[in-house]
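Read off the chains here:
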Amino acid sequence: MSSSEYFESFGPVLGLNPAATAYIPDVEKSDQILYENISAIFALGSNRGEHLDEKPVIIELSPSKSIERHQRRLFLNSLAYLLDYATGGDSVTAIALQQLPGSVVYWFASNRMPHPRACRYPEQHLETLLSSLEKLRIASIEDGTKILRQLVVEVFNFSSQRIDKYISCYQSSFNAAWRDLQDLRPQNVELARSLQNMGDAASSLPTSTASRLSTCQMSWDFKHSKQYRELCLQAQDNETHADRLETLRHFIERLSHTLNAVKAIADSAKFAWFEELSRSYTVSRFSSSQPIPSPFVGCTLTLNAIVTRLLNRSRPTNHSTDALPGLSELDSNGALSNALRRNFNNRNWKVKVHAEILLLDHFWAMDIRLVGNDPFIACSKDACYCRLLYFSAHPGGFQVPASHQNCYLAWGVPDVSTDTVYDRQFLENTHVIILKEMNETIETDIIHQLERRQLPRPSRRDSFSSVRLVDLSDYGSESSDPEQDSEDISSSGSV
């Protein structure tokens, strides 16, 4: 049944305007249920839990192969981050490595390709990075220093939009925390002085590659100092100043991370396994998906009606007599229903299939062999709530990514009903499995929240920068993984 037929059959219940059905994408009923569930759970609170680390995959590997896999994943995550040209969800970039006889293919995709005036096209940037790393691999120490400098300039030119945004955010957070720093000065003179020096320098520097590098280098140096440790402690323990100091700490972390990622890929060139990835390779860009209007634009379905439909189709284990009363209590002032209605009335609400999902479906449908037989797709940012569920439910056994667990309405389901490239029936069967499990998980989440009368969680940054109260000189551990932003309803994301 096409989506148009589906909506015609259930139109009175769904409450869709006739005009809204004119541009509904041709997807199956389970897709529509998923969009309905996402709309409801977003209204109940966009953040669905604490940050989750990457889920371990049980694979029998020798110690040396396990270390190699970890190093290669850090390299790919860092490479993906360096292809991510801006903050927010539009620039999210995913990379996966295809193994061919005697060579590899760097497949990558972005949520949206940048305008050529914004920066160089990512494939040109990736080619330059890989070429520089191959030269670095075989270079002498003296030549290697020159190559590394050129590499840094290339990165900072490409990433100027993102770095400038972080500098601006740091300046704002520094200004907001000025009084806090004055309060801290008697007990933490060096901390206050260091932060003030960084703030003064960031605000006085002109916008250029050299100034961006200088600001990021100051952030890097500060992050590796005793003062950074003190800032982390103050941000965690000082109730009066905690929020503003944590914001300041966060953007210091963000500013230092470009150098983190450069160091990670440069270090990778020293490892024996990197020769296989740099000696013979090609770069292939997977076309970004086009945004389409959400199927629920113009819908008049109420939150109560969605939950009622959810309960009617839920599994016996999810049967609840307390969910609707819970909704009535949580929505007593109409705030949740109003949030849902605003989304349905937003004519700019569009959805699209994100980069990592495009690569996942491509590698799965084409049965492509990955380098090291490692079912890993690198991404420049942590997974949103829906991507986490999609990877968790996928039968291919791909690595389930770390997640900030923020839910976004811009997340789109791949439309396999009109596919002409892959085995359509194979993909449809796969999607039946995935969407069934995703719907069951979201519905369980909704029911549990209503039964427990849990108010929406406070909003959480998409970008995750961990507080490490240890020696920060041991770069290369998993906690150094790239920064993670994601997308909001318009895919603009946060920083």
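Shown above is the structure to which this text applies.
Only a predicted model underlies this, so the values are computations on that prediction, with no experimental measurement involved.

Novice: Pulling in residues and values, what's your account of the overall build of the protein?
Specialist: Helices and strands together make up the secondary structure of the protein, namely 18 helices and six strands. Expressed as a percentage of the 495 residues in the protein, the buried residues total 56%. Long-range contacts, defined here as pairs at least 24 residues apart, represent 79% of the contacts in the protein between residues at least 6 apart. Split by element, the accessible area of the protein, about 21300 Å² in all, is 51% carbon and sulfur.

Novice: Requested: an account of the nonpolar core, with residues and values cited.
Specialist: Within soluble globular proteins, side chains that are nonpolar generally end up buried alongside one another. Formed by 64 residues in total, the largest nonpolar core has its most connected members in W411 and M438. The greatest single-element share of this core, amounting to eight residues, is contributed by helix 18 (residues 424-451). Not counting chain neighbours up to four residues away, the residues in contact with M438 comprise L34, C386, L389, Y390, A393 and W411. Grouped together as the second largest cluster of nonpolar side chains are 59 residues, Y106, L126, I167 and A261 included.

Novice: Kindly report on the pattern of salt bridges, identifying the contributing residues and their values.
Specialist: Two side chains that carry opposite charge are able to pair once their charged atoms sit near each other. In the structure shown here, the tally under the stated rule is 26 salt bridges. Among the ionic pairs, D267 bridges to K270, the shortest N-O distance being 3.3 Å. The class of D267 is buried, set by a relative accessible area of 18%. A cluster of three or more residues bridged by salt bridges with shared partners is formed by E54, K65, E68, R72, R73 and D374.

Novice: Please provide a residue-by-residue account of the side chain of S256, values included.
Specialist: On the secondary structure map, S256 appears in helix 11 (residues 242-268). Side-chain polar atoms of S256 contact the backbone oxygen of E253, separated by 2.9 Å. In this structure S256 touches C216, S219, W220 and K223, once residues within four positions along its chain are discounted.

Novice: Tell me what's going on with the pairing of strand 1 (residues 93-100), and back it up with residues and numbers.
Specialist: Within strand 1, seven of the eight residues are buried, leaving the element largely enclosed by the surrounding structure. Where strand 1 lies against strand 2 (residues 103-110), eight bridges are found, and the strand directions are antiparallel. Its bridge partner lying in strand 2, A94 is registered against A109. Between strand 1 and strand 2, which pair antiparallel in sequence order, lie two residues; one of them, G102, sits at a positive phi of approximately 80°. One ladder, built from two bridges, connects strand 1 with strand 6 (residues 378-379); its direction is antiparallel. Of the residues in strand 6, the one forming a bridge with I95 is A378.

Novice: How would you sum up the pairing of strand 2? Please name residues and give values.
Specialist: Among the eight residues of strand 2, eight are classified as buried, and the element is accordingly described as predominantly covered. For strand 2 and strand 3 (residues 281-285), the ladder comprises five bridges, and the chain directions are parallel. The residue of strand 3 that forms the bridge with Y106 is V283.

Novice: I'd like a rundown of the side chain of E356, residues and numbers included.
Specialist: Following the sequence through the fold, E356 ends up in helix 16 (residues 355-365). Judged by its relative accessible area of 2%, E356 is buried. One polar contact links E356 to R387, side chain to side chain, over a distance of 3.0 Å.

Novice: Any chance you could break down the packing of helix 4 (residues 122-138) against helix 5 (residues 141-158) for me, citing the residues and the numbers?
Specialist: Direction vectors running N to C along helix 4 and helix 5 enclose 165°, while the axes themselves pass 9 Å from each other. With respect to their mutual orientation, helix 4 and helix 5 come out roughly antiparallel. By crossing handedness, the relation of helix 4 to helix 5 is classed as left-handed. For the pair helix 4 and helix 5, contact is made by P122, H125, T128, L129, S132, L133, K135 and L136 and by G144, I147, L151, E154, V155 and F158, respectively.

Novice: I'd love a proper account of the environment of A393, names of residues and values included.
Specialist: Tracing the backbone through its elements, the reader meets A393 in helix 17 (residues 385-393). A393 sits in the buried class, given a relative accessible area of 5%. Residues A393 and I433 lie 40 residues apart in sequence; the distance between their C-alpha atoms is 7.4 Å. Beyond its immediate chain neighbours, meaning those up to four positions away, A393 contacts I433, I434, E437 and M438.

Novice: Any details on the packing of aromatic side chains? Residues and values, ideally.
Specialist: One pass over the full model with this rule turns up 13 aromatic pairs. With centroids separated by 5.4 Å and ring planes inclined at 80°, the aromatic side chains of F75 and F274 adopt a geometry described as edge-to-face. Residue F75 is found in helix 3 (residues 63-82), and its partner F274 is found in helix 12 (residues 274-278); the two are separated by 199 residues along the sequence. Taking relative accessible area as the criterion, F75 reaches 0% and is therefore assigned buried. Considering the side-chain rings of W273 and F274, the 6.1 Å spacing of their centres and the 75° angle between planes classify their relative orientation as edge-to-face. For the residue pair W273 and F274, the accessibility class agrees, reading buried in each case.

Novice: Describe unusual backbone geometry, listing the residues and the values that go with them.
Specialist: Of note in this structure, N373 is not a glycine but carries a positive phi near 50°. Inspection of the secondary structure assignment puts N373 in the loop between helix 16 and strand 6. Judged by its relative accessible area of 55%, N373 is exposed. Phi is positive for Q405, close to 60°, though the residue is something other than glycine.

Novice: Account for the sheet that holds strand 2, naming residues and giving values.
Specialist: Strand order in the open sheet formed by four strands is 3-2-1-6, with mixed pairing between adjacent strands. Looking along the sheet, the strands with just one partner apiece sit at the ends: strand 3 and strand 6. Where helix 16 meets the sheet, it contacts strand 1, strand 2 and strand 6, and its direction lies at approximately 20° from that of strand 1.

Novice: Outline the environment of A261, listing residues and values.
Specialist: Structurally, the position occupied by A261 is in helix 11. For A261, a relative accessible area of 1% gives the class buried. For A261 and A80, which are 181 residues apart along the polypeptide, the C-alpha to C-alpha distance reads 9.3 Å.

Cut-offs applied
- Residues numbered from 1 in each chain as written.
- Predicted model: local features only at pLDDT ≥ 70, side-chain atom pairs only at ≥ 80, totals over all residues.
- Heavy atoms only, no water.
- Helix = DSSP H or I, 4+ residues; strand = E, 2+ residues; numbered from the N terminus.
- Buried < 20%, exposed > 50% of the residue type's maximum accessible area, 1.4 Å probe, protein only.
- Contact = heavy atoms within 4.5 Å.
- Areas by Shrake-Rupley, 256 points an atom, 1.4 Å probe, with all protein chains shown as cover.
- Core = buried A, V, L, I, M, F, W, Y, C linked by side-chain atoms within 4.5 Å.
- Salt bridge = Lys/Arg side-chain N within 4 Å of Asp/Glu carboxyl O.
- Polar contact = N/O pair within 3.5 Å; in protein donor to acceptor, adjacent residues only side chain to side chain.
- Pairing = 2+ DSSP bridges.
- Axes fitted to C-alpha atoms, helices over the stretch in contact; angles between N-to-C directions.
- Parallel < 35°, antiparallel > 145°, perpendicular 65-115°, else oblique.
- Left-handed = near helix turned anticlockwise from the far one by under 90°.
- Phe/Tyr/Trp six-rings, centres within 6.5 Å; stacked < 30°, edge-to-face > 60°.

The quantities given are spatial measurements derived from coordinates; they are silent on function.
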